[in-house]
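# Descriptive analysis of the structure
Residue-level listing of the chains:
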Amino acid sequence: MSKSIIFGYARISTMKQRIERQIDNIKREYPGAVIITEEYTGTTTDRPKWNKLVEQIKKEYVKGTEVTLVFDEVSRMSRNAKEGFEDYKMLYDMGVNLVFLKERHIDTYNFRQALQSKVAMTGTDVDIILSAVNEYMMKLAERQIEIAFQTAQAEVDYLHQRTSEGVRKAQAAGKQIGRAKGSKVETKKAIEAKKQIQKHSKDFGGNLSDVDCMKLIGLARNTFYKYKREMKAE
């Protein structure tokens, strides 16, 4: 019996997306799947984990391992239709079982079934017509897959367009989008430490010296004085 392995690939491109949903959906259908997660922002399309996964699949192919690769939906495989379709064909040619939980009609199993349902040749002149029919069926199956990737890309592009329009509209209305230039994002730890400094430090009406305040809050010297400078600047 040949060895088999199941991978699940989950990807998000913004911090607002929840990768856990994709993982849960994959695990529900394939509990034993090895999950590969990828997170990147809209400023880069680098996918090192995807590239590493493809290389691993190629090695498994050489060893004769049966590989199943599961996605929550086709858009998770690629946001670029051309690249996604090329990856699909490459993995298909290696015998990888591709599964798209929300678009099961383009699973490689269904694609293989479509290609295997060719009309048998007769050995007569009619074969010219039958050959054309078979070619048409193959092109039709490929077109279905291509359309799925194009649709996924169109949905993402539309979402980006709506977001950009919303930002421009808000800016035109004078609203601040994102952080103001020069503003800082503080961690919960920093906020809490500053509250304690405000409460206990002599510089802010408390009764503790800097050394005692540092010990009480548990701050390093540089961090303590950094927070004090920021508080005084505020």
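Details of the structure are given in the entry above.
To keep things clear, this report deals only with the structure shown in the data block. (Residues numbered from 1 in each chain as written. Predicted model: local features only at pLDDT ≥ 70, side-chain atom pairs only at ≥ 80, totals over all residues. Heavy atoms only, no water.)

### A few points about the overall build of the chain
Across its full length, the chain carries eight helices and four strands. Walking the chain from its N terminus toward its C terminus, one meets helices and strands in the order β-α-β-α-β-α-β-α-α-α-α-α. When the accessible surface of the chain is summed, it comes to about 15,300 Å², and 53% of that surface belongs to carbon and sulfur atoms. (Helix = DSSP H or I, 4+ residues; strand = E, 2+ residues; numbered from the N terminus. Areas by Shrake-Rupley, 256 points an atom, 1.4 Å probe, with all protein chains shown as cover.)

### Here we look at the sheet that holds strand β4 (residues 97–100)
Across the sheet, four strands lie side by side as β2-β1-β3-β4; this open sheet has parallel pairing. Two strands in the sheet have a free side with no partner beyond their single neighbour: β2 (34–39) and β4. Pairwise comparison of adjacent strand axes, ignoring direction, gives a mean angle of 20° for this sheet. Of the strands in this sheet, β1 (4–12), β2 and β3 (66–71) are in contact with helix α1 (residues 19–29), which crosses β1 at around 155°. (Pairing = 2+ DSSP bridges. Axes fitted to C-alpha atoms, helices over the stretch in contact; angles between N-to-C directions. Contact = heavy atoms within 4.5 Å.)

### Comments concerning the packing of aromatic side chains
Counting across every chain of the model gives six aromatic pairs. Ring plane angle 15° and centroid distance 6.2 Å describe the contact between Y88 and F100, whose orientation is recorded as stacked. Placement of the pair is Y88 in helix α3 (residues 81–93) and F100 in strand β4, with a sequence separation of twelve residues. When its relative accessible area of 0% is taken as the criterion, Y88 is described as buried. Measuring from centroid to centroid gives 5.2 Å for F224 and Y225, while their planes differ by 80°, and the two rings are edge-to-face. Judged by relative accessible area, which is 25%, Y225 ranks as partly exposed. (Phe/Tyr/Trp six-rings, centres within 6.5 Å; stacked < 30°, edge-to-face > 60°. Buried < 20%, exposed > 50% of the residue type's maximum accessible area, 1.4 Å probe, protein only.)

### Let's talk about the side chain of T65
Among the secondary structure elements, T65 is positioned in the loop between α2 (48–63) and β3. Accessibility expressed as a relative area gives 10% for T65, which makes it buried. For T65, the side chain forms a polar contact with the side chain of E60, separated by 2.8 Å. (Polar contact = N/O pair within 3.5 Å; in protein donor to acceptor, adjacent residues only side chain to side chain.)

### Looking at the pattern of salt bridges
Evaluation of the coordinates by the stated rule reveals eleven salt bridges. Between R47 and E83 there is a salt bridge, with its nearest N and O atoms 3.3 Å apart. In this pair, R47 is assigned in the loop between β2 and α2 and E83 in helix α3, connecting sequence segments 36 residues apart. Taking relative accessible area as the criterion, R47 reaches 7% and is therefore assigned buried. Across the pair K58 and E55 runs a salt bridge whose closest N-O atoms are separated by 3.6 Å. In this pair, K58 and E55 are both assigned in helix α2, three residues apart and thus about one turn of the helix distant. (Salt bridge = Lys/Arg side-chain N within 4 Å of Asp/Glu carboxyl O.)

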